[in-house]
Amino acid sequence: VTGVMFRAQEPSFMVGYVAGRMTETNKVGFVGGISSGLIDQFQYGYEAGVKYAAKELGKDIDISVQYAESFSDAAKGKAIATKMYSDGCDVIYHAAGGSGTGVIEAAKEADKWVIGVDRDQAYLAPEHVLTSALKLVGKAVKEVSIEAMDGGTIGGQTLTFGLKEECVGIPEEHGNMADGVYEDTLKVADSIRNGELVPPTTKEEYEAFILA
C-alpha cells in the first residue's frame, strides 16, 4: 500500500494571495469543515497568502475564520458564509467538503467572490468562483504508477506532493481576476516551488511567518 498526501498549504497560499489582491473591503473569510491538523494546512496557508498580498500592497486585511463542524452540512456552510458576507467579507475560501457547497450558494446570493477547493469548482457558480485550490490527484497517481513501473519501491510509505511535483495549483481559467493577478500568483507559486517562500501549516508556523 502506498499513501499519497498533498501539501495543501501551497495552493491555499496561492488562493489567499488572490483573495488579498482582489478584496475591495479588506475583509476576507475562511470556512472550514472540522478543525484538524490537515485542515490547518488549508487555513494557515490561506491566511499567510492573504497577509503576503496585504504586505505587498501596504495595507491591512482582516481574516474571519469559522468552522461548520461538518463536511456535509451545506445549510450550515451557507449560514456561516452569509453572515461573513453581511459583515463585510467580499472573498471567502472554503475547505469544507459538502458544507462548502453552501458557501458557494451564499456567494451567489450575496453577489460576492468565493474560492473553491480540491477541484475547479467554477462550474457551480461561474460568475462568483474567483479561483480554486487544486489537488491534481490524477497527476499524483500517474507519478506513483510510473515509479512502480520503473521498479521503484513505493510500498509501505506515504508520498507527499505539491507544487514542485506539479500536483497542486490553481486553474488556468482566470477571467474573474483583475489584470495581472493571475500572472503575479504564478510568480508566487514559483517562489514556493524553489523554496524562497514556505507556506505555514500550523498556527505557530503562521505566527512566525507573518513576523518574518
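Since the model is a prediction, treat every value here as computed from it, not as a measurement.

Side chains of residues three or four places apart in an α-helix project in the same direction, reflecting 3.6 residues per turn. Between its first and last C-alpha, helix 6 (residues 181-193) extends 18 Å over 13 residues, near the 18 Å set by a 1.5 Å rise per residue. Those residues of helix 6 that fall on the buried side of the exposure criterion are Val 181, Tyr 182, Thr 185, Val 188, Ala 189, Ser 191 and Ile 192. Taken down its axis, helix 6 places every buried residue within 165° of arc, on the same side. As for helix 6, its buried residues are in contact with helix 1 (9-22) and helix 2 (37-57).

Turning next to helix 4 (residues 99-110). With 12 residues, helix 4 ought to run about 16 Å at 1.5 Å a step, and its terminal C-alpha atoms sit 17 Å apart, in line with that. Those residues of helix 4 that fall on the buried side of the exposure criterion are Ser 99, Gly 100, Gly 102, Val 103, Ile 104, Ala 106 and Ala 107. Residues of helix 4 that are buried in the fold lie against strand 2 (27-32), helix 3 (74-86), strand 4 (91-95) and strand 5 (113-118). After helix 4 finishes, the residue Asp 111 shows a positive phi value of roughly 60°.

Moving on, we get to the nonpolar core. Val 28, Phe 30, Phe 42, Tyr 46, Tyr 93 and Ile 115 are the most contacted members of the largest nonpolar core, which totals 46 residues. Here this core gets eight residues from one element, more than from any other, and that element is helix 2. Once residues lying within four places of it in the same chain are set aside, the contact partners of Val 28 are Ala 19, Thr 23, Tyr 46, Val 50, Ile 61, Asp 62, Ile 63, Ser 64, Cys 89, Asp 90 and Val 91. Residues Ile 80, Ala 81, Ile 104 and Val 114 belong to the second largest nonpolar core, which totals 15 residues.

How each quantity is defined
- Residues numbered from 1 in each chain as written.
- Predicted model: local features only at pLDDT ≥ 70, side-chain atom pairs only at ≥ 80, totals over all residues.
- Heavy atoms only, no water.
- Helix = DSSP H or I, 4+ residues; strand = E, 2+ residues; numbered from the N terminus.
- Expected span 1.5 Å × (residues − 1).
- Buried < 20%, exposed > 50% of the residue type's maximum accessible area, 1.4 Å probe, protein only.
- Arc of directions from axis to C-beta.
- Contact = heavy atoms within 4.5 Å.
- Core = buried A, V, L, I, M, F, W, Y, C linked by side-chain atoms within 4.5 Å.

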